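Next come the chains, spelled out residue by residue.
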Amino acid sequence: MNRDKLVAFLDEYLNVQAYPDKSSNGLQVEGKAEVERVAFAVDTTLKTIGRAARGRADMLIVHHGMIWGGLSYITGIHYRRLKALFDAGINLYAAHVPLDAHPEVGNNVQLLKLLGLEPKEPFGEYKGATIGFLGEFEEPQPIEKVAQVLAERLGTTVRTYEFGEREIRVVGAITGAGAFALEEGKRKGVDLFVTGEFTHADYLTALDLGISVAVAGHYKTETLGVKALMEVVKEKFGVDVFFIDEPTGL
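Residues numbered from 1 in each chain as written. Predicted model: local features only at pLDDT ≥ 70, side-chain atom pairs only at ≥ 80, totals over all residues. Heavy atoms only, no water.

K.L.:
Pulling in residues and values, what's your account of the environment of Pro103?
P.N.:
Positionally, Pro103 belongs in the loop between α4 (97-101) and α5 (107-114). Between the C-alpha atoms of Pro103 and Arg159, which are 56 residues apart in sequence, the distance is 26 Å. Excluding anything up to four places from it in sequence, Pro103 contacts Val109 and Phe133. (Helix = DSSP H or I, 4+ residues; strand = E, 2+ residues; numbered from the N terminus. Contact = heavy atoms within 4.5 Å.)

Below, the structure is given as structure tokens:
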């Protein structure tokens, strides 16, 4: 199919113009004009580009692109990544905040669905956009059970910090580095805040707020959006698609 047609669909479906963050959402690197195979990955690295090329992909769609507000110098790793894309003729399309916040395929909606929850209310303001979602169990669930479900369905280790409720009803989901919204989550009545990574400062904030936290890995929690988007592209356009899994362990 025509690259520009696919890009136009993605721009509209993900509403990329609504998110004025510095991650340069959209088509970051132009490659082949015709697209037959599309690879999906969380990150833009030499490994993911190489695997996309070996898989004969004409486009690589990622959550974390390679341009964050612009490139000052095309040297070092920037040169090597660009050269790898140019040599293979691969288009690079990135959706950072738009893929966190999307109400259907977004990372945070998909994370709640892993727990059998429907998004109830958006929360988590990030650079002028609301990117997280709240979900609510019909009956309170033990924190251990919620963490076990997350671990099994994400295929990862989940660490819990039980600073608040141990019987969970309201879950707040912000994947990746989502702890910036801990205070907002507390105000919104979140019993368990689920995110991807947790720093020393985040620990102290959660402790003082008295809010329980489940940490499931930055990478693992952000595989959800690209995988869900992959299915949408496959169904709508009938192109071959494949997911490139390059976990960081973080």
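Here the narrative resumes.
K.L.:
Help me get a handle on the sheet that holds strand β6 (residues 129-142), residues and values and all.
P.N.:
Here we have 6 strands laid out as an open sheet, ordered β5-β6-β8-β9-β10-β7, and mixed in their pairing. Edge strands, defined here as strands with exactly one partner in the open sheet, are β5 (121-126) and β7 (159-161). The sheet shows a mean angle of 25° between the axes of neighbouring strands, direction not considered. Relative to strand β10 (residues 212-215), β7 runs antiparallel, the two being bridged by 3 bridges. Note that in β10 the partner of Tyr161 across the bridge is Val213. Along the sheet, α5 makes contact with β6, β8 (167-173) and β9 (192-195), crossing β6 at roughly 5°. (Pairing = 2+ DSSP bridges. Axes fitted to C-alpha atoms, helices over the stretch in contact; angles between N-to-C directions.)

K.L.:
Break down the sheet that holds strand β3 (residues 59-64) for me, citing the residues and quoting the values.
P.N.:
Taken together, the 5 strands give an open sheet; going across it, the order is β1-β4-β3-β2-β11, and neighbouring strands pair in mixed fashion. In the strand order of this sheet, the two ends are held by β1 (26-29) and β11 (240-243), each with one partner. Each strand axis lies, on average, 30° off the axis of its neighbour in the sheet, ignoring direction. Strands β2 (37-43), β3 and β11 of the sheet are contacted by helix α10 (residues 223-237), whose axis makes an angle of about 170° with β11.

K.L.:
I'd love a proper account of unusual backbone geometry, names of residues and values included.
P.N.:
Apart from glycine, the bulk of residues carry a negative phi angle, and the bulk of peptide bonds sit in the trans form. Its identity is not glycine, yet Arg56 carries a phi of approximately 60°, on the positive side. Here the phi dihedral of Lys127 falls at roughly 50°; this positive angle occurs in a residue that is not glycine. By the element assignment, Lys127 lies in the loop between β5 and β6.

K.L.:
For the nonpolar core, give the residues involved together with the corresponding values.
P.N.:
The biggest cluster of nonpolar side chains holds 27 residues, and the ones touching the most others in it are Leu14, Val38, Phe40, Tyr93, Leu229 and Val233. Counting residues per element, the ones that place at least two in this core are α1 (3-14), β2, β3, α10 and β11. When sequence neighbours within four positions are dropped, the list of residues in contact with Val38 reads Leu6, Met59, Ile61, Val239, Asp240, Val241 and Phe242. Leu114, Leu115, Val194 and Ala216 belong to the second-largest nonpolar core, a separate cluster that totals 22 residues. (Core = buried A, V, L, I, M, F, W, Y, C linked by side-chain atoms within 4.5 Å. Buried < 20%, exposed > 50% of the residue type's maximum accessible area, 1.4 Å probe, protein only.)

Scope: geometric values only; no functional claims are made or implied.
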